[in-house]
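Remarks on the overall topology
Read off the chains here:
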Amino acid sequence: MDARKKIDRRDLLKILAGTAALAPLAGCKANILGSPVGINRLRPPGAVDEEDFTGRCIRCGRCIEVCPYRSIVPLDATDGVNAGTPLILAEKMPCYLCMECVVVCPTGALQKIELEDTRMGMAIINNETCLAQTDDTLCRTCYSVCPLRDIAIHLKEFKPQVDTSACTGCGVCVHACPIEDSNGVKPILIDPDFVPQGESS
Ligand code: SF4
Ligand code: SF4
Ligand code: SF4
């Protein structure tokens with residue numbers, strides 16, 4: 001009886017210790033259960049819908065290992081159920097569309113798609129802060145670096161314009177853009193939730 005009481009007490013202590021360990025995470029429940037995808041935070045090419053991704057990805061890390069540019073990083077424990085799943089932080093290192101990751105994924109979390117069909121998101125230009133739109137500055141960095149130059153992005157009267165039907169969301173333009181405002185926000189970003197209208201912007 002005494003022994004059972006001791007075990008119960010130990011179990012209780014374990015439970016309390018576990019609760020205490022989880023307490024700091026309680027305030028970030030959205031991070032634990034929510035999607036890590038957002039502005040400039042992208043799944044690799046060919047990723048299935050985000051609501052299915054966490055279940056399809058087995059956290060094997062093959063996409064991360066094969067990427068020659070180290071564009072893909074594994075999420076850590078602060079991302080809760082998404083820990084170990086792959087993410088691209090476009091501002092730090094974009095995707096260069098080599099398409100090697102889609103070949104090695106064993107589960108179909110990344111579908112075997114072609115480069116031109118990749119839609120990680122959409123490049124959006126802020127006309128208020130983009131140098132080429134606001135000044136007479138002849139900045140064309142985003143246009144120059146785009147792997148699909150003159151297809152996904154073109155110049156209209158020397159100003160870069162994204163073609164929403166062809167942009168892959170690779171983020172190469174975001175990475176290369178030399179400008180940021182006082183809050184560190186660049187005039188071009190990748191929106192993973194943008195729904196293409198099928199027409200040039
Ligand atoms: S397509 Fe190539 S560059 Fe892009 S994330 Fe996959 S392996 Fe990396
Ligand atoms: S290769 Fe596929 S299953 Fe493995 S970590 Fe990457 S997305 Fe997940
Ligand atoms: S416009 Fe930017 S995000 Fe779109 S394909 Fe070109 S470099 Fe990639």
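See the structure above.
In this text the structure is predicted, and so the values were computed from the model without any measurement.

Okay, the overall build of the protein next. Check the secondary structure of the protein and you find eight helices and seven strands. In the protein, which comprises 201 residues, the share counted as buried stands at 29%. The long-range fraction of contacts in the protein, counting pairs at least 24 apart against all pairs at least 6 apart in sequence, stands at 67%.

As a further point, take the site of ligand 1. Inspection of the region around ligand 1 gives 14 residues, with Cys67, Cys95, Cys98, Glu100 and Cys101 positioned closest. In the shell around ligand 1, the residues fall into 12 nonpolar, one polar and one charged.

Here we take up the site of ligand 3. Residues in contact with ligand 3 amount to 14 residues; listed here are only the nearest, Cys146, Ala152, Cys167, Cys170 and Cys173. Along the lines of polarity and charge, the residues of the shell around ligand 3 split into 11 nonpolar, three polar and no charged.

Moving on to the nonpolar core. Counting residues in each nonpolar core, the largest one holds 37 residues, and the members touching the most others are Ala123, Cys173, Ile188 and Ile190. Mapped onto this core, the elements with two or more residues apiece are α4 (62-66), β3 (86-89), α5 (100-104), β4 (122-125), α7 (141-145), α8 (172-176) and β7 (188-191). Domain assignment of the residues forming this core places at least three in each of domain 1 (34-115) and domain 2 (116-191). If we ignore the near neighbours within four places in the chain, the residues touching Ile188 are Ala123, Ile124, Ile125, Cys130, Cys142, Cys173, Val174 and Cys177.

Definitions and cut-offs
Residues numbered from 1 in each chain as written. Chains lettered and ligands numbered in written order. Predicted model: local features only at pLDDT ≥ 70, side-chain atom pairs only at ≥ 80, totals over all residues. Helix = DSSP H or I, 4+ residues; strand = E, 2+ residues; numbered from the N terminus. Buried ≥ 20, exposed ≤ 12 C-beta atoms within 10 Å, placed from the backbone. Contact = placed C-beta atoms within 7 Å. Near = placed C-beta within 6 Å. Nonpolar A, V, L, I, M, F, W, Y, C, P; charged D, E, K, R; others polar. Core = buried A, V, L, I, M, F, W, Y, C linked by C-beta atoms within 7 Å. Domains from an automatic or database assignment.

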